[in-house]
Amino acid sequence: MSNIVDPPVDPLVARIAARVRTERERRRWTLAQLADHSGVSPAMISRIERGESSPTAVVLGKLSAAFQLSVASLLALAEGAPEEPEAPGGVRRGADAAEWRDPGTGYRRRQITGPRFPAEIAEIRLPAGARVPYPAAAFAFVRQLVWVLDGRLTFHDGDTVHELDAGDTIELGAPAERVFVNTSDAECRYAVVLTRDAQP
């Protein structure tokens, strides 16, 4: 009898897996059709949906773009706790918030607002040297603001590059390919504030 024990599945990875599968099935897409829309291989999508692979931020960007959701929306849907009370308000302890970590870059994301709040706010920690690109479609149907809290962020908004320091904000306009880069030797911490502009 084997003594090998499978490692426990990260609950957040399992919820992301379920959300990706739900969004695909809502559209009645096969794995191949989602692969065509996203540019992510069917094999990788299958591993993500089974919870066997934690997607990187880049892969999540491609999948969310295919679903016409922002990455923040896709993760917020996965992180949303259905057992939360219906009544708005109340204290949400920092220790209770799920934190998602990109296995590729070490980028970490923590959802600040609950699933019923009208805006989505997330705290991002981008390690030194990390670079996270997103396709333009990941920003469709949303209004978004980036607020640098600590460190320095090099933000590529289409062909324009912005150097943002602590305290700086940028309100994003029409969808464009965007890249979040930390060229410094220290972690950059920033907040993303998002509201939905129109239904896809």
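Residue indices follow the written sequence of each chain, beginning from 1 at its first position. Under the rules for a predicted model, residues below a pLDDT of 70 receive no local features and side-chain atom pairs below 80 are neither given nor counted, while totals for whole chains, interfaces and linings still include all residues. Working from all heavy atoms in the structure, the side-chain values ignore hydrogens and water.

In this description a helix means any DSSP run of H or I spanning at least four residues, a strand means any run of E spanning at least two, and both kinds are numbered starting from the N terminus. Secondary structure assignment for the protein chain yields 5 helices and 10 strands. Classification of the 200 residues of the protein chain by burial places 40% in the buried group. Contact between two residues is taken to exist if any of their heavy atoms lie within 4.5 Å; hydrogens are not considered. Contacts in the protein chain between residues far apart in sequence, at least 24 positions, make up 64% of those at least 6 positions apart. What sets the accessible areas is the Shrake-Rupley method with a 1.4 Å probe; for residues, cover comes only from the shown protein chains. Here the protein chain displays about 10,800 Å² of accessible surface, and carbon together with sulfur accounts for 52% of that area. For the exposure calls, accessible area comes from a 1.4 Å probe over protein chains only, and a residue counts as buried if that area is under 20% of its type's maximum, exposed if over 50%, partly exposed in between.

Let's shift gears to unusual backbone geometry. Positive phi is not limited to glycine here, since R28 has a value of about 55°. Relative to the helices and strands, R28 is located in the loop between α1 (11–26) and α2 (31–38). In this structure R28 comes out as exposed when scored by relative accessible area, which is 74%. Of note, the phi angle at Q68 is positive, near 60°, even though the residue is not glycine.

Turning our eyes to something else, we now look at the pattern of salt bridges. Should a side-chain nitrogen of Lys or Arg be within 4 Å of a carboxyl oxygen of Asp or Glu, the pair is scored as a salt bridge. Summed over all chains, the structure comprises 15 salt bridges. Among the salt bridges present, the one from E23 reaches R19, with a minimum N-O distance of 3.2 Å. On the criterion of helical spacing, the pair formed by E23 and R19 is a turn pair, its members being 4 residues apart in helix α1. Take R19: its relative accessible area is 21%, and that puts it in the partly exposed class. R189 is paired through a salt bridge with E123; the nearest N and O atoms lie 2.9 Å apart.

Before going further, it helps to examine the confidence of the model for the protein chain. Residue-level confidence of the predictor, termed pLDDT, takes values from 0 up to 100. Looking at the protein chain, the pLDDT average stands at 85 and 88% of residues meet or exceed 70. Scored below 50 in pLDDT, residues 1–8 shows 0 contacts in the model against residues more than four places distant or in partner chains. Of the regions scoring below 50 in pLDDT, residues 81–87 engages in 8 contacts with residues more than four places distant in sequence or in other chains.

As summarised here, the arrangement of the 6 strands in space is β1-β2-β3-β10-β5-β8, forming an open sheet in which the pairing is antiparallel. In the strand order of this sheet, the two ends are held by β1 (99–101) and β8 (169–172), each with one partner. Across this sheet, the average inter-strand angle for adjacent strands is 20°, counted without regard to direction. Where β1 and strand β2 (residues 108–111) come together, 3 bridges link them in antiparallel fashion. Looking across to β2, one finds that W100 is bridged to R109. Here, strands pair whenever DSSP counts at least two bridges between them. Only C-alpha atoms enter the line fits that serve as axes; for helices the fit covers just the stretch in contact. Angles between N-to-C directions range over 0 to 180 degrees.

Below, the discussion takes up the environment of F139. If you trace the backbone, F139 turns up in the loop between β4 (131–134) and β5 (142–150). It is 10.0 Å that separates the C-alpha atoms of F139 and R196, two residues lying 57 residues apart in sequence. Sequence-distant contacts of F139, that is, excluding residues within four places in its chain, are made with Y134, Q144, L172, P175, A176, R178 and F180.

What follows covers the packing of aromatic side chains. Only rings of Phe, Tyr and Trp enter the pairing, Trp through its six-membered ring, and a pair is recorded when the two centres are within 6.5 Å. The plane angle decides the type: under 30 degrees is stacked, over 60 is edge-to-face, the rest tilted. This structure, assessed with the given rule, holds 6 aromatic pairs. Both rings, one in F155 and one in F180, keep their centres 4.9 Å apart while their planes meet at 65°; by these two values the pair is edge-to-face. Here F155 is found in strand β6 (residues 152–157), whereas its partner F180 is found in strand β9 (residues 178–181), with 25 residues between them in sequence. The residues F155 and F180 share a single accessibility class, namely buried. Between F180 and Y190, the aromatic rings sit 5.4 Å apart at their centres with planes inclined by 5°, giving stacked as the arrangement. One end of the pair, F180, is in strand β9; the other, Y190, is in strand β10 (residues 188–196), and 10 residues separate them in sequence. Per residue, the accessibility class of F180 equals that of Y190, and both read buried. Among the aromatic residues, those joined into a ring-pair cluster are Y134, F139, F155, F180 and Y190. Cation placement over rings: the criterion is NZ of Lys or CZ of Arg within 6 Å of the ring centroid and within 35° of the ring normal. The side chain of R27 reaches across the aromatic face of W29, ending 5.9 Å from its centre. Of note, R178 hangs over the ring of F139, and the distance from its end group to the ring centre comes to 4.6 Å.

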